[in-house]
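These are the residues of each chain, in order.
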Number of protein chains: 2
Amino acid sequence: MGKKDKQFVSEITPMEVDFAQWYTDVILKTDLVDYSPVKGFMVIKPYGYAIWENIQRFLDGRFKDTGHKNCYFPLLIPESLLKKEAEHVEGFAPEVAWVTHGGKEELAERLCVRPTSETIICEMYSKWLKSYRDLPFLYNQWCSVVRWEKSTRPFLRTSEFLWQEGHTLHETYDEAQEETIQMLNIYKEMAEDVLAIPVVIGQKSDKEKFAGAHATYTMEALMHDGKALQAGTSHNLAQHFTTAFDITYLDRDGELKNPYHTSWGVSTRLIGGVIMAHGDNRGLVLPPKIAPVEVVIVPIASHKGGVMEKAMEIYSEIKKNHRVEIDDRENYSPGWKFNEWEMKGVPVRIEIGPKDIENNQAMLFRRDTLEKEAVSLDNLSEAVETWLKDIQNNLLLKAKRMRDEKTYYVKSFEELKDIMATRQGFVKAMWCEERSCEDKIKEETGVTVRCIPFEQEKLGDTCPFCGKPAKKMAYFAKAY
Amino acid sequence: MGKKDKQFVSEITPMEVDFAQWYTDVILKTDLVDYSPVKGFMVIKPYGYAIWENIQRFLDGRFKDTGHKNCYFPLLIPESLLKKEAEHVEGFAPEVAWVTHGGKEELAERLCVRPTSETIICEMYSKWLKSYRDLPFLYNQWCSVVRWEKSTRPFLRTSEFLWQEGHTLHETYDEAQEETIQMLNIYKEMAEDVLAIPVVIGQKSDKEKFAGAHATYTMEALMHDGKALQAGTSHNLAQHFTTAFDITYLDRDGELKNPYHTSWGVSTRLIGGVIMAHGDNRGLVLPPKIAPVEVVIVPIASHKGGVMEKAMEIYSEIKKNHRVEIDDRENYSPGWKFNEWEMKGVPVRIEIGPKDIENNQAMLFRRDTLEKEAVSLDNLSEAVETWLKDIQNNLLLKAKRMRDEKTYYVKSFEELKDIMATRQGFVKAMWCEERSCEDKIKEETGVTVRCIPFEQEKLGDTCPFCGKPAKKMAYFAKAY
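Because the structure is a prediction, the values reported are computed rather than measured. Throughout this description, residue numbers start from 1 for each chain and increase along the sequence as written. Written order determines the labels here, with chains lettered from A and ligands numbered from 1. Side-chain atom pairs in this predicted model are given and counted only at pLDDT of 80 or more, local residue features only at pLDDT of at least 70, and totals for whole chains, interfaces and linings cover all residues. Heavy atoms from the whole structure form the basis of all side-chain values; hydrogens and water molecules are not counted.

### With respect to the relation of the copies chain B and chain A
Once chain B is rotated about the relating axis by 180° and shifted along it by 0.0 Å, it coincides with chain A to within an RMSD of 0.0 Å. The symmetry that links the two subunits is that of a two-fold axis. The position closest to the rotation axis in chain B is occupied by the C-alpha of V99 of chain B, lying 2.1 Å away. Here 100% of the interface residues in chain B have copies in chain A that are interface residues too; the copies meet face to matching face. Alignment of the copies relies on least squares applied to C-alpha atoms, considering only residues that score at least 70 for pLDDT in both. In what follows, a contact means two residues having at least one pair of non-hydrogen atoms within 4.5 Å.

Written as structure tokens, this is what we have:
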């Protein structure tokens, strides 16, 4: 029969041995992604792209629920537009790709491949906005952006990535602030309820904020290796761009005014977060809500009478509500298939063979706890339903536990250094909010201020790093 | 109250006066699209993008039904890859945008912004394909592409446009051919059942085929002005690229072979087709299946007791199954709103005022025939349902009638010239299939061979343009 009865060799480096190599092994061996011939650019393979589609579906629905509409702005931005907002060009110019020729002709003005679209969108908004009656503008686009990165890793940092960018205009500062926080909260809902990744939300320090922003808000997640991942940001841009791009409207009082402005985005980086928050040494562990395959059915001795029929029956039943696959490949043994689907992180596996059918049962396996249980065929659908919900919840709980175990309070610079040298993780500490202090911490330890969280705790009165009076508690960590 | 009681001025140039200006007026005044600061690049505004989303939803579903999966390949392609297939580079090199700098550094090799992705995808496929067991490869991507065009018009021909491109590999020529035709048929289904645009399907002449294709199949639609629109193409690429890119697999017989290859795509150009196939001098006429708003409710004298309540009740009922909006803007008169929604092509309008409520009725208006009818509130949902179906069907019938009226048979070159000089349209004629004949027709009349249709008619034995023996009947037209 030519069955591959040889042992399944996943060849995934254990994460304790080399976390970076574990990550690379997992993403390549599970067919999420591949390297492309252009350095720093990735190919997102169907299994990886399906995760992105599931994230998109949820977010796009929430954006529309909250009154946002999608549109599409050009890929290429004239250099003169990029330069209109001073901080913005300073932040992005060093990392953009430049188009200099169209066909055989050299262009009169260079065009950059969008690294983000504030500038081109503001240029259009300045044409469109006339009256306070037109506000708010609530628009979003799904696209790819290019940022020329020196050192890249698939999903986490690549020279091109897929994302969404929302860009809104409002009459008042307060409305813009409300929008900024509303979108951050939608991101948090997505992270926790869909990706099962707990996040800390709060404000970025001035050093870490978006180039051109009045204030940047972020959600920060913790990975298995104790490093933080910035998983989504929402910016209150106030009138920085609307002034620079001369966006005005006639207000209720007959005066011409500049509107207030926000932008917010999440990207395929989230997939990297899912891998590093839930994965284990067998490979991926996917939350059911985003798993391309929620349930896989593996028929045992499928040539024997009745097995394939029963497997197909189960398949049809589960297909009504879930993404399900039946693995009827003839040239692989059941054991080999079990290993492969475990590596690919499928939440629930159903095994059904002649003996199971005799006993009116099937074997259920769950990827998160590796538990296996015989379930009566009469209750199979309900059991699958319950397990999927339970796996989704359990993954969030596990990730929370992991994060809490790797979260530390420090009261001195020495403690911070010791944690970073020995174990890594989130560090909570009081902080003076001074740029010089932040620079020094980064220089000596590689640690950055992840955010000043909305949920504050009072840990003391002085900054443990420089001794000045403390203003707020902040989260510190090494980050992706 | 400040109501704009002044007459609604759509300022749309009548199509009989100047069709090109009519088109421009319609797309700008209905907020489908706008020009961007980069010449030849368009901004797709929310109302236009929503049409694209509805097209995408249908097509993406059909692609998945037929076993295709989505993925994402890099935006930028190295020059050396573009050059690997000789005909392909010759066809595309003159119209690509070149990236020469990343950040501050000049690149060692120029990268082109993808004009289409055969080359980069084949490069990846050559890494991925090992065995006949891996076949077929059935992948698609949704993205934007850039082709540096000298003369552009929004949706119809722009330097950047949104599209999908499917790229598949197969064991045999026959399977690849079957896939090519299957996808063309899905496009035809989309055009006729969703966009309500009748299409002729057939094969492109050698002159008109895709650069690098073995055979290109097309669907061609006829616009109000008698010009043809190539609305979608599907290519059997045979082994042209798989040989050039050294894509091989180990076949059942132990031999290394090159697989057979297809690609197929449709773009935002389809939106231009919808505008020009259904629109009239009032503006857009949208088929319900792709209309961003299928039904608009305009309350009359909405300040009077019970009107808004009843309008909201109707809104909630219709919202269960359709995209519906309620226009409760206070600063516009009902008449102004009627005109605006007619211009925007909304299929069904519901008017409800105090007198209607007294009579337990609402007024229904349909955009395609401009008919208005009083309908009992007891049957309103059913009536809306029936009207939407009827409008969808009627638009296809109308477009078919229009096309048939503008389709001519010719038996001499003079007849062709006369038709093109006086009225334009689809011309059916026998043809020798010679390149020299095709070149001469184009040179003298601007007419191209649109396709050699699958549905052949025998009109004679000689080519009416050059007198040589005829091989097939073809469709000729001036085209967008």
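The discussion continues.
### Focus on the sheet that holds strand β23 (residues 472-477) of chain A
Two strands in a sheet stick together by hydrogen bonds in their backbones, pointing the same way (parallel) or opposite ways (antiparallel). Residues and elements named next belong to chain A. Pairing between strands is defined by DSSP: at least two bridges between the two strands are required. For helices the rule is a DSSP run of H or I covering at least 4 residues; for strands it is a run of E covering at least 2, with both sets numbered from the N terminus onward. If you trace the eleven strands from one edge of the open sheet to the other, you get β3-β7-β8-β14-β11-β10-β9-β22-β23-β21-β20, paired in mixed fashion. The sheet is open, and its two edges are formed by β3 (69-70) and β20 (407-409), each paired on a single side. With two bridges connecting them, β3 and strand β7 (residues 137-146) associate as parallel partners. Directly across from N70, in β7, lies its bridge partner N140. Helix axes are fitted only over the stretch in contact, all axes being lines through C-alpha atoms; the angle between N-to-C directions runs from 0 to 180 degrees. Strands in contact with helix α14 (residues 435-445) are β21 (426-431), β22 (448-453) and β23; relative to β21, the strand with the most contacts, it is inclined by about 150°.

### Considerations on helix α10 (residues 334-343) of chain B
All names here are of chain B. A simple rule labels every residue: compare its accessible area, found with a 1.4 Å probe on the protein chains alone, to the largest value its type can have, and call it buried under 20%, exposed over 50%, or partly exposed in between. Buried residues dominate α10, accounting for seven of its ten residues. Here α10 has its buried residues at W336, K337, F338, E340, W341, E342 and M343. Where α10 is buried, its residues contact α1 (19-29), β15 (295-299), β16 (324-326), β17 (348-352), β18 (361-366) and β19 (372-376). Positive backbone phi, approximately 80°, marks G345, located one or two places after α10.

### Observations regarding the domain arrangement of chain A
Residue and element names in this part refer to chain A. The assigned domain composition of chain A is domain 1 (19-278), domain 2 (295-381) and domain 3 (407-477). Segmentation into domains, and thus their bounds, comes from an automatic or database assignment. Relative to domain 3, the C-alpha centre of domain 1 lies at a distance of 27 Å. Every contact between the two is made by 20 residues of domain 1 and, on the other side, 18 residues of domain 3. The term buried area refers to how much accessible surface (probe radius 1.4 Å) is lost by two components on association, counted for both of them together. Interface area, domain 1 with domain 3, both sides summed: about 1500 Å², of which 62% is carbon and sulfur. What makes a salt bridge here is a side-chain nitrogen of Lys or Arg within 4 Å of a carboxyl oxygen of Asp or Glu, nothing more. With its nearest N and O atoms 2.8 Å apart, the salt bridge here joins D439 to K207. Pairs of N or O atoms are called polar contacts if they sit within 3.5 Å, as long as, within protein, a hydrogen donor faces a hydrogen acceptor (for residues adjacent in sequence, only side-chain-to-side-chain pairs). The tally of links from domain 1 across to domain 3 stands at seven residue pairs in polar contact (both at pLDDT 80 or more). For the side of domain 1 that touches domain 3, the elements supplying multiple residues, two or more each, are α6 (173-194), β9 (200-203), β10 (215-222) and β11 (228-238). Ranked by residue count, the leading element in the side of domain 1 that touches domain 3 is β10, at five residues. By the convention adopted, Pro, Cys, Tyr, Trp, Phe, Met, Ile, Leu, Val and Ala count as nonpolar, Lys, Arg, Asp and Glu as charged, and the other residues, Gly among them, as polar. Across the side of domain 1 that touches domain 3, the residue classes tally to eight nonpolar, six polar and six charged.

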